[in-house]
Amino acid sequence: MHEEVARGRARLASLIAGDADGHDLLMRYDRWAPDLWAGLAEVYAAADVLPAVVDVIAAVHQQRPSPLRERDRERLLRPDWFQDEHAVGYVAYTDLFAGDLAGVAQHIDYLTDLGVTYLHLMPLLTPRPGANDGGYAVMDYRSVRSDLGTMADLAALARSLHSAGISLTLDLVLNHVAREHVWAQKAQGGDPKYRDYFRIFDDRTVPDEYEATLPEVFPAFAPGNFTWDEDLSGWVWTTFNEWQWDLNWANPDVLVEFVDIIGFLANQGADCIRLDAIAFIWKRMGTNCQNQPEVHALTQALRAATRIMSPAVVFKAEAIVGPQDVIAYLGQGSHAGRVSDLAYHNSLMVQIWSALAARDGRLLVAALSRFDAIPATTSWATYLRCHDDIGWAIDDADAGAVGWDGFSHRSFLAEFYSGEFEGSFAAGAHFQSNPLTGDRRTSGTAASLAGVETALHSGDAATLSTAIERLICAYAMVFGFGGLPLIYMGDEWGLLNDEGYLADPAKAGDNRWMHRPAMDWDTVSHPVIGSMSARINAAVRDLIRARHHLPALHANVSTECRVTDDPAVLVFRRRHPAGTLIEVYNLSESTRVVWPGDLAPLASGSLHEHISDTTMVIDGPTQLPPYAAWWLTSA
Ligand code: GLC
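Residues numbered from 1 in each chain as written. Predicted model: local features only at pLDDT ≥ 70, side-chain atom pairs only at ≥ 80, totals over all residues. Heavy atoms only, no water.

### Focus on the overall build of the protein chain
When helices and strands are counted, the protein chain shows 23 helices and 25 strands. For 635 residues, the compact-globule estimate of 2.2 N^0.38 gives 26 Å, and the C-alpha radius of gyration of the protein chain, at 24 Å, lies within 12% of that figure. The principal-axis extents of the C-alpha atoms in the protein chain amount to approximately 70 × 55 × 50 Å. By residue count, 63% of the 635 residues in the protein chain fall in the buried class. Sequence-distant contacts, at least 24 apart, represent 71% of the contacts inside the protein chain between residues at least 6 apart. When the accessible surface of the protein chain is split by element, carbon and sulfur atoms take 53% of a total near 22400 Å². Side-chain charges of the protein chain comprise 48 positive and 81 negative groups, with the mean position of each set lying 4 Å from the other. (Helix = DSSP H or I, 4+ residues; strand = E, 2+ residues; numbered from the N terminus. Rg over C-alpha atoms; globule rule 2.2 N^0.38 Å. Buried < 20%, exposed > 50% of the residue type's maximum accessible area, 1.4 Å probe, protein only. Contact = heavy atoms within 4.5 Å. Areas by Shrake-Rupley, 256 points an atom, 1.4 Å probe, with all protein chains shown as cover. Lys, Arg positive; Asp, Glu negative; His and termini not counted. Charge placed at Lys NZ, Arg CZ, Asp CG, Glu CD.)

### Regarding the nonpolar core
By size, the foremost hydrophobic cluster in this structure holds 206 residues, and its most contacted members are Y90, W249 and L255. Tallying contributions element by element places helix α21 (residues 461–480) first for this core, with twelve residues. Counting residues domain by domain, this core receives three or more from each of domain 1 (182–246) and domain 2 (557–634). If you look at the next biggest cluster of nonpolar residues, it comprises 14 residues, including V584, L607, L624 and L632. (Core = buried A, V, L, I, M, F, W, Y, C linked by side-chain atoms within 4.5 Å. Domains from an automatic or database assignment.)

### Section: the site of the ligand
Close to the ligand lie 13 residues, the nearest being D133, D276, E318, H387 and D388. At 2.8 Å from an oxygen atom of the ligand is found a side-chain nitrogen or oxygen belonging to E318. R512 places a polar side-chain atom, nitrogen or oxygen, 3.2 Å from an oxygen atom of the ligand. Broken down by class, the residue content of the shell around the ligand amounts to four nonpolar, three polar and six charged. (Near = heavy atom within 4 Å. Polar contact = N/O pair within 3.5 Å; in protein donor to acceptor, adjacent residues only side chain to side chain. Nonpolar A, V, L, I, M, F, W, Y, C, P; charged D, E, K, R; others polar.)

### Here we look at the side chain of D133
With respect to the secondary-structure elements, D133 resides in the loop between β3 (125–127) and β4 (138–144). Residue classification places D133 among the buried residues on the basis of a relative accessible area of 12%. Side chain to side chain, D133 and Q244 meet in a polar contact 2.8 Å long. Apart from the residues within four sequence positions on either side, D133 is in contact with F218, N241, W243, Q244 and R512.

### Quick look at the packing of aromatic side chains
The geometry of an aromatic ring pair is captured by the separation of the ring centres together with the interplanar angle, meaning the angle of the planes. One pass over the full model with this rule turns up 38 aromatic pairs. On the numbers, 4.9 Å between centres and 50° between planes, the contact of F218 with F221 is tilted. For F218, a relative accessible area of 3% gives the class buried. Between the aromatic rings of F412 and F421, the centroid separation amounts to 4.9 Å while the plane-to-plane angle is 85°, which identifies the pairing as edge-to-face. By the ring-pair criterion, three or more aromatic residues cluster together here, those being W353, W392, F412, F416, Y417, F421 and F425. (Phe/Tyr/Trp six-rings, centres within 6.5 Å; stacked < 30°, edge-to-face > 60°.)

### Describing helix α18 (residues 406–418)
Its 13 residues place the ends of α18 18 Å apart at the C-alpha level, agreeing with the 18 Å of an ideal helix rising 1.5 Å per residue. Residues G406, H409, S411, F412, L413, A414, F416, Y417 and S418 constitute the buried set of α18. Its buried side turned inward, α18 meets α15 (346–358), α16 (362–369), α17 (396–401), β15 (429–434), β16 (439–443) and α19 (446–450). After α18 finishes, the residue G419 shows a positive phi value of roughly 90°. (Expected span 1.5 Å × (residues − 1).)

### Comments concerning the sheet that holds strand β22 (residues 605–609)
Taken in spatial order, the six strands make up an open sheet running β18-β19-β20-β25-β22-β23, and their pairing is antiparallel. For this open sheet the edge positions go to β18 (560–563) and β23 (614–618), each flanked by a neighbour on one side alone. Across the sheet, the mean angle separating the axes of adjacent strands is 30° when strand polarity is ignored. The sheet contact formed by β22 and β23 spans five bridges and is antiparallel. (Pairing = 2+ DSSP bridges. Axes fitted to C-alpha atoms, helices over the stretch in contact; angles between N-to-C directions.)

### So, the sheet that holds strand β8 (residues 226–229)
Within a beta sheet, neighbouring strands are joined by backbone hydrogen bonds and run either parallel or antiparallel to one another. Taken in spatial order, the three strands make up an open sheet running β7-β9-β8, and their pairing is antiparallel. In this open sheet, the two strands that pair with only one neighbour each are β7 (200–201) and β8.

Below you can see the structure in the form of structure tokens.
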């Protein structure tokens, strides 16, 4: 053991002397402190930082309620709880789902009935007043937005969720705080300790040098990456909105603060911490200031500290970055398995929408085949829609590999999903059009983007059926990819775009609110048999039921993707020791053909199709209906 790590152990042992679970804590320290040390040493003078981290670990451990210590022991015995075929995620805003935290507690039955095992409640810590980026401008990490309840309500909800078999995910914004956060206010007051929590520059010289290589995240409503602040008499780094101040992670005090915050949230009962905008936390001149190696070293240090103080807790990386960069968030090289446990599969999401617009799976196959395997202890979080817009992250090289032009295809997708493209089935809207780069992103709910809204307006029953099948085909890919599928609240009933946000001045400027509708409890309690919503809900439930019988969907093997001789017929193959699963998808509204050879290594003949729970015989060319999704194993 490194001398400093040993000294840290002695410090920890004396701090927790007499604690009933002290021996377990020290065993975990022995197991994970080398990771903590290595992460710290990549970025800081580790010997100076470790004692402060050890002090936080001891305090968090001592405050950890005994039911959560019990949960730590359970989770250490079942570390793959978020990877297996039973894992189903649900993502909701507390207020839009159920009014407040007490309301969520009253709807736990709804979630368990649906099969949900993981609930991500969107940002609920106290944000700045007024516009706050959907809660991602946090003013206080230790209190709950007052209209939603209190921290005690949150802890009580976590306990109820745990009893119902549901794990709770909370957002943690690491890259920035609200201008109104106490750290920012002290910096504005001239306190040098807190000025050093931010990146502040006297004049434009250094910001301009950075700007030369920095992209803009919100070009339309927050151009530029720096904001002049009178009280600071300086330019402060603001990647997102001008009231979201980027933190200075080169200052180890910031890391220690966040270890403490993670411990605090863990002790309220959080099971998963979603690391918001994690890609941005380290800045390097001459780069786009995303995905820098230090990001992973810092995550490793946070992860190791968390494993020691609250081992039930996992991390989910929100890194919406290119295919070549995202894998590092699950750990590559010396960081493999030592950083986040979950990461959003943004490329899969983009490629599903792209394949549906093009009725062609070749680009999806080219893009996903380039992904390296992920550490066996980690998982993708797969999703079709979330609270954010869709950025058309199509890689030029991937597009080139199938003979397409990346820029043209991105433009096509933006136009297609806004509904502008001739013949498009989609009803979405442009988000953050950037005249400089030609980049346009897209807002809209899953059902509206998949054609359900347009079909309802057309009044044509056949068009509506096709749109529902398209939506379900897309969700089947999300559920069948392996890993943790996330249902975005309301998608299980096909909720459509909602323009209601336009009436709220704090939301009106941000059309991402169009795809954040309130839950439609009338439909939930009185579903009309045969209606659009009821059909979608039944189909989503079929996917969840089918998943439960398929250990091959465990995240620890990867999905091989290919198209058959017909580019509209996509095949996912999951070769798992529990048995091979072959998934076939028709990406088009016309009938296609599948051959026994397309299903290798399954032998031709009698097969079990799990979504419809039927037996099929495929021993020759077989018709694949429009938007069919088949999950096949040998019968
Ligand atoms: C993440 C959130 C997004 C937010 C941004 C800045 O990307 O998902 O909604 O705007 O971080 O916090």
